[in-house]
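Descriptive structure summary
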Amino acid sequence: PFLWNAIIKSFSHNDYPKQALLVFCTMMENGVCGDKYSFSLALKSCSKMGFVKQGMQIHGLLRKFEFGGDVFLLNCLVCMYMRSGCVEFARQVFDRMIYRDSVSYNLMIDGCVKCGRIDLACELFDCMPLEMRNLVSWNTMIGGYSKLEDGFEVVMELFEKMPDRDLVSLNVMIDCCVKRGKMDVARALFDKMTKRDVISWGIMIDGYAKLGGVCVARGLFDATPCRDVVSCNAMMAGYVQNGCCTEALQVFRDMLSHSSLSPDNTTLSIALSAVAQLGRVNEGVVIHCYIKEKRFSVGGKLGVGLIDMYAKCGDLEAAKALFDKMGKRTMVSWTTMVVGYAKFGDLDNARRLFNEMPEKDAVPWNAMIGGYVQAKCSKEALALFNEMQAMNVKPD
RNA sequence: UCUCUUGUCGGUC
């Protein structure tokens with residue numbers, strides 16, 4: 001199994017959880033008994049993708065092995081259930097564990113926090129054995145509160161109360177300030193830090209960029225010691241949000257020529273939206289080719305990005321072809337097409353797709369009504385508006 | 001060789 005594990009690990013480590021899981025299955029089918037390392041890697045892959053069914057199968061399989069009671073593996077199970085939102089199952093595994101370590105508790109706390117059950121998280125945090133409550137537990141708690149709208153006070157309180165603070169604690173703090181527009185407080189903390197990592201820099205870049213300080217953001221971006229793909233994405237997104245699409249694309253090109261950084265899904269989505277806003281199909285096609293060449297999956301956001309790019313550039317045939325070819329149409333991809341048609345005055349096609357949509361939130365309604373308004377079809381616009389109100393569409 | 005906490009991203013306005 002060592003060789004197999006090495007392969008599984010390399011996939012898992014390089015963010016290919018699907019292949020990792022596939023290799024694991026192949027291994028088992030070939031009669032090679034996995035060891036606890038193979039299982040933990042497989043479970044981790046399930047966690048990453050939120051595959052509960054596969055995870056449950058592995059869970060079942062695990063009972064037949066003597067190492068099935070291993071703390072590491074049980075922790076992996078807790079993680080898998082928590083990340084898939086199955087709090088009850090996670091709780092079951094956790095409650096039945098004979099030995100728990102701090103990771104077990106921290107996983108439960110984090111899971112509860114991310115499901116919006118901060119009450120359960122608090123209970124676990126307060127009741128866990130003191131010797132297991134470590135920095136990660138504290139950081140998980142302040143991270144949880146920092147995501148709550150009115151959590152700032154509690155974050156400050158916990159931050160004062162915690163016995164130690166590390167880089168993560170400080171990063172959580174500055175992010176918490178940034179997300180509330182308190183850039184001055186964030187900056188003071190950032191400047192005071194004796195150690196900063198690429199995340200600290202990234203939080204500040206994102207903050208300045210979103211609050212209109214793109215130039216300051218750029219300064220920090222240039223000063224970042226070891227930029228990674230997320231810093232670049234934050235910078236690019238910042239440029240796009242401020243309408244500086246050319247600059248965004250320049251960062252993208254710099255990234256491509258800088259061999260140590262390769263674009264990811266997010267990079268490409270941002271680049272596509274920059275191209276869409278500029279209406280430069282040719283550059284969009286180049287990115288499309290890159291996506292095909294590197295075999296990025298176009299099932300999710302990238303697919304939408306491509307459709308949107310072609311639609312906004314006026315190539316509705318290309319957009320429609322992609323839309324038709326896409327396996328699963330989501331409300332978002334559907335809306336993107338409606339918007340594209342409406343924007344270029346093809347209200348018939350827009351309306352046809354709009355009517356075919358199985359589900360609509362406020363966005364397609366707004367877009368369709370907006371299309372009618374733009375074309376001065378006030379009668380249709382008003383009719384739709386009334387219909388929308390009658391349907392009680394939530395604005396969200 | 002394995003498990004926990006922090007930054008970036010999609011459709012209308």
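Scoring rules and cut-offs
- Within every chain, residues take consecutive numbers counted from 1 along the sequence as written.
- Chain letters and ligand numbers both follow the written order, the letters beginning at A and the numbers at 1.
- Per-residue local features of the predicted model are confined to residues with pLDDT of at least 70, and side-chain atom pairs are confined, for both listing and counting, to 80 or more; whole-chain, interface and lining totals are unaffected and use all residues.
- Calculation of side-chain values draws on the structure's entire complement of heavy atoms; hydrogens and water are dropped beforehand.
- In this description a helix means any DSSP run of H or I spanning at least four residues, a strand means any run of E spanning at least two, and both kinds are numbered starting from the N terminus.
- Burial classes: relative accessible area under 20% of the type maximum marks a residue as buried, over 50% as exposed, and values in between as partly exposed (1.4 Å probe, protein chains only).
- We call two residues contacting when some pair of their heavy atoms lies within 4.5 Å.
- Throughout, the Shrake-Rupley method with a 1.4 Å probe supplies accessible areas, and for residues the shown protein chains are the sole cover considered.
- By definition, pLDDT measures how confident the predictor is in each residue, and it falls between 0 and 100.
- The term salt bridge refers to a pairing of a side-chain nitrogen on Lys or Arg with a carboxyl oxygen on Asp or Glu at a separation within 4 Å.
- To form a nonpolar core, buried Ala, Val, Leu, Ile, Met, Phe, Trp, Tyr and Cys residues must be joined to one another through side-chain atoms within 4.5 Å.
- Every axis in this analysis is a line fitted to C-alpha atoms, fitted for helices over the stretch in contact. Angles between the N-to-C directions lie between 0 and 180 degrees.
- Roughly parallel refers to an angle under 35 degrees, roughly antiparallel to one over 145, roughly perpendicular to one between 65 and 115, and oblique to any angle outside these ranges.
- Note on convention: near helix rotated counterclockwise from far helix by under a right angle means a left-handed crossing. Clockwise means right-handed.
- Each residue gets one of three labels, nonpolar for Ala, Val, Leu, Ile, Met, Phe, Trp, Tyr, Cys and Pro, charged for Asp, Glu, Lys and Arg, and polar for the others, Gly among them.
- When we speak of the arc, we mean the arc of directions from the helix axis to the C-beta atoms.
- Neighbouring residues are identified by heavy atoms, a residue being near a molecule or strand if any of them is within 4 Å of it.
- Polar contact is defined as a pair of N or O atoms within 3.5 Å, subject to the rule that within protein one atom must be able to donate a hydrogen and the other to accept it, and that residues adjacent in sequence are counted only when both atoms are side-chain atoms.
- Between the first and last residue of a helix there are one fewer steps than residues, each counted as 1.5 Å, and that sum is the expected span.

1. Side note on the overall build of chain A
Across its full length, chain A holds 24 helices and 0 strands. Dimensions along the principal axes, computed over C-alpha positions, put chain A at roughly 70 × 55 × 50 Å. The 396 residues of chain A split such that 45% are buried. Long-range pairs, those at least 24 residues apart, make up 54% of the contacts in chain A with a sequence separation of at least 6. Carbon and sulfur atoms form 56% of the exposed surface of chain A, whose accessible area is close to 21,400 Å².

2. Considerations on the environment of Pro129
Looking at the element boundaries, Pro129 is found in the loop between α8 (118–127) and α9 (135–146). C-alpha of Pro129 to C-alpha of Ser102: the two residues are 27 residues apart in sequence and 8.8 Å apart in space.

3. Comments concerning the confidence of the model for chain A
This prediction gives chain A a mean pLDDT of 95; 100% of its residues lie at or above 70. Here the predicted complex carries an ipTM of 0.93, next to a pTM of 0.93.

4. Some words on the pattern of salt bridges
Once the charged atoms of two side chains with opposite charge are near each other, the side chains can pair. Scanning the entire structure with this criterion turns up 15 salt bridges. In this structure, Arg117 engages Asp119 in a salt bridge whose closest nitrogen and oxygen atoms are separated by 2.9 Å. Note that Asp308 and Lys312 form a salt bridge whose closest N and O atoms lie 2.7 Å from each other. Remark: Lys312 and Asp308 occur in helix α19 (residues 301–312); sequence separation between them is 4 residues, near one turn of the helix. Taking the relative accessible area as the measure of exposure, Lys312 reaches 32% and is therefore partly exposed. Linked by salt bridges that have partners in common, Asp175, Lys179, Asp206 and Lys210 make up one network.

5. Quick look at the side chain of Thr335
The residue Thr335 is located in helix α21 (residues 331–343) in this model. Take Thr335: its relative accessible area is 7%, and that puts it in the buried class. Ignoring sequence-local partners within four residues, the contact set of Thr335 consists of Met357, Val363 and Pro364.

6. Quick look at the nonpolar core
Val78 and Met204 are the most contacted members of the largest nonpolar core, which has 127 residues in total. For this core, the element with the most residues is helix α5 (residues 71–83), which contributes 9 residues.

7. Points about the packing of helix α18 (residues 281–293) against α19
Any two packed helices are characterised by how steeply their axes cross, that is the angle between the axes, and by the distance between the axes. Their axes nearest at 10 Å, the elements α18 and α19 cross at an angle of 155°. Regarding the angle of α18 to α19, the classification is roughly antiparallel. Between α18 and α19 the crossing geometry is left-handed. Only Leu302, Leu306, Met309 and Tyr310 of α19 make contact with α18, whose side of the interface consists of Val281, Gly284, Val285, His288 and Ile291. Of the residues assigned to the contact of α18 with α19, the class counts are 7 nonpolar, 2 polar and no charged.

8. Quick look at helix α4 (residues 52–62)
Looking only at α4, the buried set comprises Gly55, Ile58, His59 and Leu62. One face of α4 carries all of its buried residues, which in axial projection span an arc of 105°. Opposite the buried face of α4, at more than 90 degrees from it, the exposed residues are Lys53 and Gln57. Buried positions along α4 lie against α2 (17–29), α3 (36–49), α5 and α6 (87–96).

9. Here we look at the protein's contact with RNA strand B
Surrounding RNA strand B, one finds 52 residues, the nearest of these being Tyr37, Ser40, Asn106, Thr335 and Asn366. One of the side-chain nitrogen or oxygen atoms of Thr140 is found 3.4 Å away from a sugar or linking oxygen of RNA strand B. Residues that form the surface near RNA strand B fall into these classes: 21 nonpolar, 16 polar and 15 charged.

10. Describing the side chain of Ser200
By the secondary structure assignment, Ser200 is in helix α13 (residues 198–210). Side-chain polar atoms of Ser200 contact the side chain of Asn171, separated by 2.8 Å. For Ser200, the side chain forms a polar contact with the side chain of Asp197, separated by 2.8 Å.

11. Quick notes on helix α7 (residues 102–114)
Since there are 3.6 residues in each turn of an α-helix, residues three or four apart along the chain are aligned in direction. Helix length check: α7 (13 residues) gives 18 Å between terminal C-alpha atoms against 18 Å at 1.5 Å per residue, within 8%. Extensive coverage of α7 is indicated by the burial of 10 of its 13 residues. Residues of α7 that are buried include every one of Ser104, Tyr105, Asn106, Leu107, Met108, Ile109, Asp110, Gly111, Cys112 and Val113, and no others. Those residues of α7 that are buried lie in contact with α5, α6, α8 and α9. Sitting at the head of α7, Asp101 places a side-chain oxygen 3.1 Å from the backbone nitrogen of Val103. Directly beyond the C-terminal end of α7, a positive phi value near 80° is found at Gly116.

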